[in-house]
Amino acid sequence: RILVNSRAEAKFAASYLKRANCDLKRVEFVVHPTNRGWTRDSGPIHVKRKAEKAIVHFHFNAWAKYSNWQLDTKVPETAARILKRPLFDAKFGNKKFIIEGGGIEVNGRGTLLTTEECYQHPKIQVRNPGMTKAQYDAQFKKYLGVTNVLWLAAGPVGDDTHGHIDDICRFTDRKTLVLIKETNRRDPNYKPLAENWERVSDLRLEDGARPEVIALPMPAPLHYKNWRLPASYANFYIANACVIVPTFNDPNDRVALGILGELFRDRPVVGIHAVDLVLGFGSLHCLTQQEPA
């Protein structure tokens, strides 16, 4: 399912998909004008109980940074209507509870990962003013059904979202994590990412076990004019038939693909050139939002 602004745009997009030998019978275009393409953050976050599926509306507000989000925030409503699924309105007290899909990472067994930089900074991009870490934990458990919330410190320099976990640390199965690591001590990313590595030894999964943590390298710094871009191999997307991984014309592309190839044995790992995408401060995972089978 692909969001488009109009039927004319759907026709235009279909011409590119056809050129790529895509079976258009397996594509559904959903007309819903949006402010941006980062569907991971504004799109429908599903919850599931046995055979029942529903969508939680977390009220996207452009990362508490931009003023144009009024179209994006209605995407879950459109999804609930089209898929005929219940829509839960996420609230904290009498206010909207705001998080983004890229700000959380789950293992599907009860553990959720997030960062303090994203949801606990007192001044920068504050989504839910005044909320404590304990209150966030309670809201995650209430609306997502998790039982265990883990907090890392911060993400890479240049992240427009201010610390989204999907550029930092990801589950490859219920008990294995990949965590990005910067080895150049002079790089601005070295210190914040090293703090994540200091914390990870204390992490415990929902059953009390230690997760296995695998280091994922960073590409060399990418810049556009004066901006450092948030290029990260952790922004991969696990699809049904493959895992697609952003690549950046960097020697570490091959290293990262090799590491992920060893961890995902049940489907091929495919590199997708993402330098153009990351100019918009996001990548493959940011563009997508999965739906339960």
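As shown above, the structure is provided for reference.
Please read all numbers here as calculations on a predicted model, not as lab measurements.

### A closer look at the nonpolar core
If you look at the biggest cluster of nonpolar residues, it comprises 31 residues, and the most contacted ones within it are L113, L152, C169 and L216. When residues of this core are traced back to their parent elements, those giving at least two are β10 (148-152), β11 (169-173), β12 (176-181), α6 (190-200), β17 (243-247) and α7 (252-263). Looking at this core element by element, the count peaks at 4 residues for β12. Residues contacting C169, with those up to four places away along its chain left out, are E105, L113, L152, L177, V178, L179 and A234. Of all hydrophobic cores here, the second largest spans 20 residues; its members include V56, L112, Y119 and F140.

### Remarks on the layout of surface pockets
Considering only enclosed or pocket space, the second largest pocket measures out at about 320 Å³ in volume. Contributing to the lining of the second largest pocket are 13 residues, with V47, K48, R49, A54 and F88 lying nearest its centre. No other element matches the 4 residues that strand β4 (residues 52-57) contributes to the lining of the second largest pocket.

### A short note on the pattern of salt bridges
Scanning all chains against the criterion turns up 15 salt bridges. Where K91 meets D89, a salt bridge forms, and the shortest distance between an N and an O atom there is 3.7 Å. A relative accessible area of 32% places K91 in the partly exposed class. Residue D89 is classed as partly exposed on the basis of its relative accessible area of 39%. Here D266 makes a salt bridge to R267, at a shortest N to O gap of 2.7 Å. Accessibility expressed as a relative area gives 22% for R267, which makes it partly exposed. Overlapping salt bridges bring together R1, E28, R85 and E291 as one network.

Calculation rules
Residues numbered from 1 in each chain as written. Predicted model: local features only at pLDDT ≥ 70, side-chain atom pairs only at ≥ 80, totals over all residues. Heavy atoms only, no water. Core = buried A, V, L, I, M, F, W, Y, C linked by side-chain atoms within 4.5 Å. Buried < 20%, exposed > 50% of the residue type's maximum accessible area, 1.4 Å probe, protein only. Helix = DSSP H or I, 4+ residues; strand = E, 2+ residues; numbered from the N terminus. Contact = heavy atoms within 4.5 Å. 1 Å grid on protein atoms, 1.4 Å probe; cavity = no way out; pocket = protein on both sides within 12 Å on 5 of 7 lines; lining within 4 Å. Points joined across faces, edges and corners; volume = space filled by probe spheres on them. Salt bridge = Lys/Arg side-chain N within 4 Å of Asp/Glu carboxyl O.

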